[in-house]
Amino acid sequence: MKKLKIGVIGTGHMGKNHVRNLADESGRFDLVGIFDSNFIQAEGIAEQYGTKAFENMDELLNSVEAVVIAVPSSLHKEIGLKVAEQKVHALIEKPLAINSKDAKELSDTFENKGLKLQVGHIERYNPVITELDKILNKEQVFFVEVHRFGPFSGSGRITDASVVEDLMIHDIDLVCHLLNSYKQKEISGVGEVVRSNNYDFATCMIKFDNDAHAVISASRVSQSKERALYIHTEDSHIFADLLNKSLTISKNTDLVVSGTHDNSYIQDGIVQRIFVPIKEPLRAELIAFYDSVVEDKPIIADGLVGIRAVEICEEVINQIQK
């Protein structure tokens, strides 16, 4: 198996998780090194995972075929364009850029240079979503409700984005993926500033044609954690728990259960609990990146997916501000 020479730019919370997974997947990846503006932090992480901390990003780019970019969103465009200029493939954490214009420039640049660009929409690789995709192939979805709630953490989350770009973007991408056969018609949104200088709680509604619609709520100031989808189809109600990795389908039925005429009864509904394999989404995302670069396989979350998510986030923010 060919090893992909790869590096990581940015060693904060997500960057460190990328480093851990890349080091563990040594059969596929040659983790050449990492770079962070905080060199002391990078040195400590490099020592922990048996790689090299580069003091200069250009030196790292000259030594690799691909990189993971896990820096603050406001730096995605600048660093992404620099990576493309060095003809290096990239996996860029979400959002692809802080606005759709920059996202499009990044996507176009990588495409024009014949380079692979994958966007870190990690929930696409959640095993619950993988199993859900199989189920929805035979279902007609008409309503999706999504909750993504978590407690406030001033230091643990990115600070240059609202809850819309920080958290809701995951579910905007998932909803567009699940309702991909429908065309978007209308977007509305409301939001609240609670603990930070930006929107910490937001809800949006996306209307599609065929009377399908989705309601997405995201919070980074809730007391408990929840990451769940409630999906209504013509024949069933599906509950997908992304946090606890469970998937349940409830269906109505007119099944008559009988032993004798006297004790016959009608079962109102049945509940199916779908087996969800244990798999770390981030590792699956990185393996998909390897497959795209080394084996030229299609990218699930490519530049166009990244642009669409940012465009919808912009419209949600615009509606909130109105």
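The present account deals with the structure reproduced in this document. (Residues numbered from 1 in each chain as written. Predicted model: local features only at pLDDT ≥ 70, side-chain atom pairs only at ≥ 80, totals over all residues. Heavy atoms only, no water.)

**Focus: the sheet that holds strand 6 (residues 117-120)**
Moving on, step 1. Strand order across the open sheet formed by six strands is 3-2-1-4-5-6, with parallel pairing between neighbours. Strand pairing shows two members of the sheet lacking a second neighbour, strand 3 (52-54) and strand 6, which therefore form its edges. Within this sheet the neighbouring strands show an average axis-to-axis angle of 25°, counted without direction. (Pairing = 2+ DSSP bridges. Helix = DSSP H or I, 4+ residues; strand = E, 2+ residues; numbered from the N terminus. Axes fitted to C-alpha atoms, helices over the stretch in contact; angles between N-to-C directions.)

**Notes on the pairing of strand 11 (residues 226-233)**
Moving on, step 1. Relative to strand 11, strand 7 (residues 141-149) runs antiparallel, the two being bridged by eight bridges. Paired with Phe 149 across the strands is Glu 226, a residue of strand 11.
Moving on, step 2. Bridge count between strand 11 and strand 12 (residues 236-241): five bridges; the pairing is antiparallel. Following the sheet pairing, Ile 231 is matched in strand 12 by Ile 238.
Moving on, step 3. Counted between consecutive antiparallel strands, the loop separating strand 11 from strand 12 contains two residues.

**Section: a negative patch on the surface**
Moving on, step 1. Together, Glu 43, Glu 47, Glu 55 and Glu 59 make up a negatively charged patch on the protein surface.
Moving on, step 2. Position of Glu 47 relative to the elements: it lies in helix 2 (residues 39-49). (Patch = residues over 30% accessible without salt bridge, like charges linked within 9 Å, V, L, I, M, F, W, Y side chains within 5 Å. Areas by Shrake-Rupley, 256 points an atom, 1.4 Å probe, with all protein chains shown as cover. Salt bridge = Lys/Arg side-chain N within 4 Å of Asp/Glu carboxyl O. Lys, Arg positive; Asp, Glu negative; His and termini not counted. Charge placed at Lys NZ, Arg CZ, Asp CG, Glu CD.)

**A look at the side chain of Glu 131**
Moving on, step 1. Checked against the element boundaries, Glu 131 lands in helix 6 (residues 127-136).
Moving on, step 2. Excluding anything up to four places from it in sequence, Glu 131 contacts Leu 247, Phe 275, Val 276 and Pro 277. (Contact = heavy atoms within 4.5 Å.)

In short, shape yes, function no, at least from these values alone.
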